[in-house]
Amino acid sequence: MDSPSQNTSLQRLQNVEKRVVRVLELAGGVMDELASPTGPRKDFINNHCLEFMQLIKDIQVTLRDEIKSACEYRPFEKCDYSSRIANEICCKKLEYVISQMDGMKQIVDDYHGPV
């Protein structure tokens, strides 16, 4: 698995890329060993296959976690943009109502005139 210092998604995916390269190297090594004129060495094949399977498992777990993380990602979930815009609209409406009421007050004052 990944070490705790690998905390970004990009770092984890770069680690997966390195593991995929290693998996291909292991597969190539096994193919070379199987094609050897002296015949394959059992311990070499076993060690390579064990490492191959462990790397495949680690790659699968990491990619599953990254996919799950990407699916859970909600970029605007904690965004306050819509709240701020709604507040600004309310403020503008209140300013308009206040200006209308000031206008009405002025009309009433003008109607009653100075006493």
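Structure's up top.
Residues numbered from 1 in each chain as written. Predicted model: local features only at pLDDT ≥ 70, side-chain atom pairs only at ≥ 80, totals over all residues. Heavy atoms only, no water.

> Please provide a residue-by-residue account of the packing of helix H1 (residues 9-34) against helix H2 (residues 42-72), values included.
It is the contact of H1 with H2, at a shortest axis distance of 9 Å, that shows an interaxial angle of 155 degrees. Judged on the interaxial angle alone, H2 and H1 are roughly antiparallel. As H1 runs across H2, the sense of the crossing is left-handed. Partitioning the contact of H1 with H2 into residue classes produces 15 nonpolar, four polar and seven charged. (Axes fitted to C-alpha atoms, helices over the stretch in contact; angles between N-to-C directions. Helix = DSSP H or I, 4+ residues; strand = E, 2+ residues; numbered from the N terminus. Parallel < 35°, antiparallel > 145°, perpendicular 65-115°, else oblique. Left-handed = near helix turned anticlockwise from the far one by under 90°. Nonpolar A, V, L, I, M, F, W, Y, C, P; charged D, E, K, R; others polar.)

> A description of a nonpolar patch on the surface should follow, citing residues and the corresponding values.
Among the surface-exposed residues, Leu13, Leu63 and Ile67 lie close enough to one another that they form a single nonpolar patch of about 250 Å² accessible area. In this structure, leucine 13 sits in helix H1. Taking relative accessible area as the criterion, leucine 13 reaches 37% and is therefore assigned partly exposed. (Patch = residues over 30% accessible without salt bridge, like charges linked within 9 Å, V, L, I, M, F, W, Y side chains within 5 Å. Areas by Shrake-Rupley, 256 points an atom, 1.4 Å probe, with all protein chains shown as cover. Salt bridge = Lys/Arg side-chain N within 4 Å of Asp/Glu carboxyl O. Buried < 20%, exposed > 50% of the residue type's maximum accessible area, 1.4 Å probe, protein only.)

> Got a sec to walk through H1? Specific residues and values, please.
An ideal rise of 1.5 Å per residue puts 38 Å on 26 residues; H1 measures up with 37 Å between its terminal C-alpha atoms. Of the positions making up H1, those classed as buried are Arg12, Asn15, Val16, Arg19, Val23, Leu26, Gly29, Val30 and Glu33. (Expected span 1.5 Å × (residues − 1).)

> Could you give me a rundown of the nonpolar core, with the residues and numbers involved?
Counting five residues, the largest nonpolar core is built from Val16, Val23, Leu26, Leu55 and Ile59. Contributing elements (two or more residues each) for this core: H1 and H2. The biggest single contributor to this core is H1, with three residues. In contact with leucine 55, not counting residues within four places along its chain, are Arg19, Arg22, Val23 and Leu26. (Core = buried A, V, L, I, M, F, W, Y, C linked by side-chain atoms within 4.5 Å. Contact = heavy atoms within 4.5 Å.)

> Lay out the pattern of salt bridges in plain terms, naming residues and giving numbers.
In the structure shown here, the tally under the stated rule is six salt bridges. For glutamate 33, the salt bridge goes to arginine 41, with nearest N and O atoms at 2.9 Å. Using a relative accessible area of 46% as the deciding quantity, one classes arginine 41 as partly exposed. Between lysine 92 and glutamate 95 there is a salt bridge, and its shortest N-O distance comes to 3.9 Å. With a gap of three residues between them, lysine 92 and glutamate 95 both fall in helix H3 (residues 81-112), about one helical turn apart. Judged by its relative accessible area of 57%, lysine 92 falls in the exposed class. Looking at glutamate 95, the relative accessible area reads 47%, which means it is partly exposed. The structure contains a network of salt bridges with shared partners spanning Arg22, Glu25 and Glu51.

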